[in-house]
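Secondary and tertiary structure notes
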Amino acid sequence: MTATARDTVLRRVRDALTLSDGPEVTVPRAYRTGRTLPDEERLALFVDRLVDYRAQVRTCTAGTTAAVLAEVLRAHGARRTGVPPGLDPAWLAGYDGETVTDSADVPAPRLDALDGVVTASAVSCAETGTIFLDGAAADQGRRALTLVPDLHVCVVDLSSVRTGVPEAVAQLTPEHPITLISGPSATSDIELERVEGVHGPRTLVVVIRTDA
Amino acid sequence: MSSPTGPAANGTFLGMPAVPPRSPYGTGHLRGERTFPRAAHDELDNEQLRRNLGKATHSIRAKRLAVTGELPDWEQLRDAGSAIKTDTMNRLPELLEQLERKVTERGGTVHWARDGVEANEIVTRLVRDTGSDEILKVKSMATQEIGLNEHLESQGIAALETDLAELIVQLADDRPSHILVPAIHRNRDEIREIFLRHIPGVDPALDADPARLAAAARTFLREKFMTTKVAVSGANFGIAETGTLAVVESEGNGRMCLTLPQTLITVMGIEKVLPRFEDLEVFLQLLPRSSTGERMNPYTSLWTGVTPGDGPQEFHLVLLDNGRTAALADRIGRAALNCIRCSACLNVCPVYERTGGHAYGSTYPGPIGAVLTPQLAGMHGAKDDPNSSLPYASSLCGACFDACPVKIDIPSLLVELRHQHTEQSGTTAEKLAMKAAATVMKRPGLFTTAQKAAGLGRVLAGRDGTLSRLPPPLNGWSDSRDTPAPPRQSFRSWFASAEGAAAMRAAAAEGARNTDDAPQEDS
């Protein structure tokens, strides 16, 4: 039997390492980890970064979530709003448009008919203004749901906002489909001029719940 | 293909180690048609290119400095990134096997490709198996390197690039000129023209405003995203510990391709593996800040095999060698495999800034391209191999080393490649010239005669006192630079003349006069 490509490539790698053994290394992890910041500072840093990416930011409390979401959706003229199956129904109690609950069997092109989508989030990173969505979480939904509609309203609990990247990455479940979002879709491909919204949602509204 | 078989699986095998082969000559895009100086000569005439590149490189440079400067632990992150990559290369066999096992456990299928030709064949077969004759592409250096799009086209499969710049390049039947902003050599009016000519059904009233050009691409591609069944991507990282793959991007075309089609095929160079999921905490800081100068890029997708009810239900990972093991076998050159394709070295390079990416002839341009390309494809594939000119496409200023987020010592790698090139090059004009010079310098009489003869060069020089074209074998030198004409008189003959003696006496007298008011260094 002739060698498979797998055998050949692995044999080559081993041969290469026999011919040139690299320096033994232990990885120095002297960079900052395990950082914490008081609530107000974390909030200020996170908001500063979100605004820098031209995301729209609103703050609310657990008690005013429904009112703020209704206001945001109305302000953007969203008449049909998609939600993942596990989103707290109370959040859209004040919304007078049509709420469409997503499921895996809805073909992606149908998502194009939604004006926007409201989801929760798994964890965020203040220092980079990044929101992590966990596709396996019922209140965040499958990846297509937050990708196809042109408006994404994302609810972030301040308690889930970590200071830096290492602290946020540590919260993830690696095997789940995970999407990191830092502002709306953008490109600088034409003469380096920044244009928001190529294929992802052109508008990202982040609603931060300061007491949740 | 994916099941561990044979003695290689447990690391014991018999026989002497063989030097792994480079990427096969004449395949893919790891070699230009002309040497760097010849290609650069023409590119330098392109004013549009130079203006755009100057603006792009300076602007990204400034952004990069701002966002790396704000992290007090930037150097510690670089140290960690460098060590993680070195450790990865040391443990590559076990990490690749672990990655394969994890991806397979999660419902994916892993394929191995010895070179680009084999990878192209695997992808073609996988696409055919789906019954589809069109695919969507996420920008990927690995698939450009192997010429996947061209191969698929020859097999009757249409591959559509979905990154805006790659789409522009593809529609214009052009080549990328920068890793990060591949269409930087085009301006908005040219892009408008390209769209009007090549996008079916585009509004004829389309103007050249970047936002409206981007919107035209959005409309065109959205329908493709919704209907195409297969996508092909590259990968920025593949995590051995969990089988997780990562694609870092800005526009959302990556998310579309990784999410909406039924089948996803990812082509990944074997050097892109990372040991642990935790390692992402380092590279998600190093890559965006070094690449686009952002604190974080707009979108990053992480996926592990197949997730029921979310995303492609069929996932194939093609692990590509194509000369990477040959680079790994080079004690010094292996450091080039640590590259995470951020393009920071391009943006700081005085040579790249002026010539642009096309002059390098390879998918990988700039300083890292000048070391990575010869490592993957070799420098001696044929007589006058264009790749043999790449290690010289540098002033060795060292800016690339300072900018590299994983601390690849590019200048030292370039010097090593120059050394390897001259060692392997047999009898070159340069060697002959050095030998002749040694003979002449050993004999004072002959040296004086030679200097007098060189004085005749003034006759050949133009009024600006330079020689723009030297006769063979020195024409290699004069092709890319002017040579100052030799002086009328050699220093030795001037020193021996009456004029020289008088000048020396005058200088000695002036030196004696100035001693009194010379600065008192000891006080």
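Just so it is clear, the structure is predicted and the values come from calculations on it, not from any experiment.

1. Section: helix 10 (residues 210-227) of chain B
Residue and element names in this part refer to chain B. With 18 residues, helix 10 extends 26 Å between its outermost C-alpha atoms, agreeing within 8% with the 26 Å of an ideal straight helix rising 1.5 Å per residue. Within helix 10, the axis deviates most sharply at L221, by approximately 25°. Every buried residue belonging to helix 10 is among P210, L213, A214, A216, A217, R218, F220, L221, R222, F225 and M226, and all of these are buried.

2. Some details on the packing of helix 3 (residues 74-90) of chain B against helix 12 (residues 280-291) of chain B
All names here are of chain B. Where helix 3 contacts helix 12, the axes come no closer than 10 Å and their chain directions differ by 110°. Judged by the inter-axis angle, helix 3 sits roughly perpendicular to helix 12. Handedness of the crossing formed by helix 3 with helix 12: left-handed. Across the interface between the two elements, W74, L77, R78, A80, G81, I84 and K85 from helix 3 touch V282, F283, Q285, L286, R289 and S290 from helix 12. Broken down by class, the residue content of the contact of helix 3 with helix 12 amounts to 7 nonpolar, 3 polar and 3 charged.

3. Regarding the sheet that holds strand 2 (residues 134-137) of chain B
All names here are of chain B. Strands sit in the order 1-10-7-4-2-3 across an open sheet of 6 strands; the sheet is parallel. Each edge of the sheet is formed by a strand with only one pairing partner; in this case those strands are strand 1 (109-113) and strand 3 (158-161). Averaged over all neighbouring strand pairs, the angle between strand axes comes to 25°, with direction disregarded. Pairing analysis gives 5 bridges linking strand 1 to strand 10 (residues 314-320), with the strands arranged parallel. Pairing of W112 across the sheet is with L319, part of strand 10. Relative to strand 1, helix 5 (residues 116-130) is tilted by about 145°, and along the sheet it contacts strand 1, strand 2, strand 4 (230-233), strand 7 (263-269) and strand 10.

4. Observations concerning unusual backbone geometry
Residues and elements named next belong to chain B. The residue R341 is not glycine, and still its phi comes out positive at about 60°. Along the chain, the position of R341 falls in the loop between helix 13 (324-328) and helix 14 (344-348). Taking relative accessible area as the criterion, R341 reaches 10% and is therefore assigned buried.

5. Some remarks on the pattern of salt bridges
Scanning the model with the defined rule gives 52 salt bridges over all chains in all. The closest approach of N and O atoms between A:R143 and B:D310, which form a salt bridge, is 3.2 Å. Note that A:R143 is positioned in the loop between strand 6 (130-134) and strand 7 (151-157) and B:D310 in the loop between strand 9 (299-304) and strand 10, a pairing that runs across two chains. Overall, A:R143 belongs to the buried group, its relative accessible area being 7%. Residue B:R276 pairs with B:D279 through a salt bridge whose shortest N-O separation is 2.8 Å. Under the relative-accessibility criterion, B:R276 is labelled partly exposed at 23%. By relative accessible area, which is 0% here, B:D279 ends up buried. Through salt bridges with shared partners, one network takes in A:R29, B:D87, B:R91, B:E94, B:R276 and B:D279.

6. Some remarks on the UniProt feature "domain: LUD" (unreviewed entry) in chain B
UniProt's entry tags residues 96-319 of chain B with the feature "domain: LUD" (unreviewed entry), counted in the numbering of this structure. Structurally, residues 96-319 of chain B is divided into 42% helix and 21% strand, and its ends, taken at the C-alpha atoms, are 9 Å apart.

Reading the values: rules and limits
- Residues numbered from 1 in each chain as written.
- Chains lettered and ligands numbered in written order.
- Predicted model: local features only at pLDDT ≥ 70, side-chain atom pairs only at ≥ 80, totals over all residues.
- Heavy atoms only, no water.
- Helix = DSSP H or I, 4+ residues; strand = E, 2+ residues; numbered from the N terminus.
- Expected span 1.5 Å × (residues − 1).
- Bend = angle between axes of the 7 residues up to and from the residue.
- Buried < 20%, exposed > 50% of the residue type's maximum accessible area, 1.4 Å probe, protein only.
- Axes fitted to C-alpha atoms, helices over the stretch in contact; angles between N-to-C directions.
- Parallel < 35°, antiparallel > 145°, perpendicular 65-115°, else oblique.
- Left-handed = near helix turned anticlockwise from the far one by under 90°.
- Contact = heavy atoms within 4.5 Å.
- Nonpolar A, V, L, I, M, F, W, Y, C, P; charged D, E, K, R; others polar.
- Pairing = 2+ DSSP bridges.
- Salt bridge = Lys/Arg side-chain N within 4 Å of Asp/Glu carboxyl O.
- UniProt positions renumbered as here; feature names shortened; annotations may be inferred.

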